[in-house]
Amino acid sequence: AVPGRPRGDRRRLGPPAPAVSGPDPTHAPLERLSPADQARLRQVAAAADGAAWLVGGAVRDLLLGLPVHDIDVVVETPADEVARRLPVTIELRSQFGTLIIVWPEGDCWDLVTARAERYPAPAALPVVWRGSLAEDLARRDFSVNALAAALDPADWGRLVDPLGGLADLRAGRLRILHPRSYHDDPTRLYRL
């Protein structure tokens, strides 16, 4: 409850919802990225035989017209295999199938093997296994971070939104993806 506000009052707290940029709700505006980043995304897609997507905060920020600071790419081929086909060095490997890759110009990206996960106990590290893009998006923190943009040339920029993230973005709403979200990973409260 908010002091001074009657129970049941559903007015929005905080600033108004940001405007989602672009007239086409079916595509992320990848053209807003630098030409170098677009070329690298195409390289990753080729190395992953087309099964590659820009995901998370980068897609959210592109849709909001904000600068993109972190590039995360999900691939359905193991990330190690994809990285071997790219002119990158691997700076870090995690036990969860995530690589931090460094391009020759020094830019660092996350390259993630699509995965599914379950938490054996509250706040425990998850048990992970290779999964699909849909499973990877469903394991994320909030719906607005569960958006993806296809990198395959035939589908370039097509928005993948199985969990209603675009509607939440337009409404200025942060919504967890399942009721046990904070039990599984309490750090999501800080990210909120």
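In case you missed it, the structure is sitting above this.
These numbers come from a predicted model, not from an experiment.

(A) Here's a closer look at the pattern of salt bridges. Counted according to the given criterion, the structure contains 11 salt bridges. With its nearest N and O atoms 4.0 Å apart, the salt bridge here joins Arg85 to Asp49. One end of the pair, Arg85, is in the loop between helix H3 (79-84) and strand E3 (89-93); the other, Asp49, is in the loop between helix H1 (35-47) and strand E1 (52-55), and 36 residues separate them in sequence. The class of Arg85 is partly exposed, set by a relative accessible area of 46%. A salt bridge links Asp136 to Arg139; the nearest nitrogen and oxygen atoms lie 3.1 Å apart. By relative accessible area, Arg139 is classed as buried at 16%. One connected set of salt bridges, linked through shared partners, spans Asp37, Arg40, Glu105 and Asp107.

(B) Representation of the environment of Gly172 in the model. With respect to the element layout, Gly172 can be found in the loop between helix H5 (165-171) and helix H6 (181-184). Spatially, the C-alpha atoms of Gly172 and Val144 are 9.4 Å apart, while their sequence positions differ by 28 residues.

Criteria and thresholds
- Residues numbered from 1 in each chain as written.
- Predicted model: local features only at pLDDT ≥ 70, side-chain atom pairs only at ≥ 80, totals over all residues.
- Heavy atoms only, no water.
- Salt bridge = Lys/Arg side-chain N within 4 Å of Asp/Glu carboxyl O.
- Helix = DSSP H or I, 4+ residues; strand = E, 2+ residues; numbered from the N terminus.
- Buried < 20%, exposed > 50% of the residue type's maximum accessible area, 1.4 Å probe, protein only.

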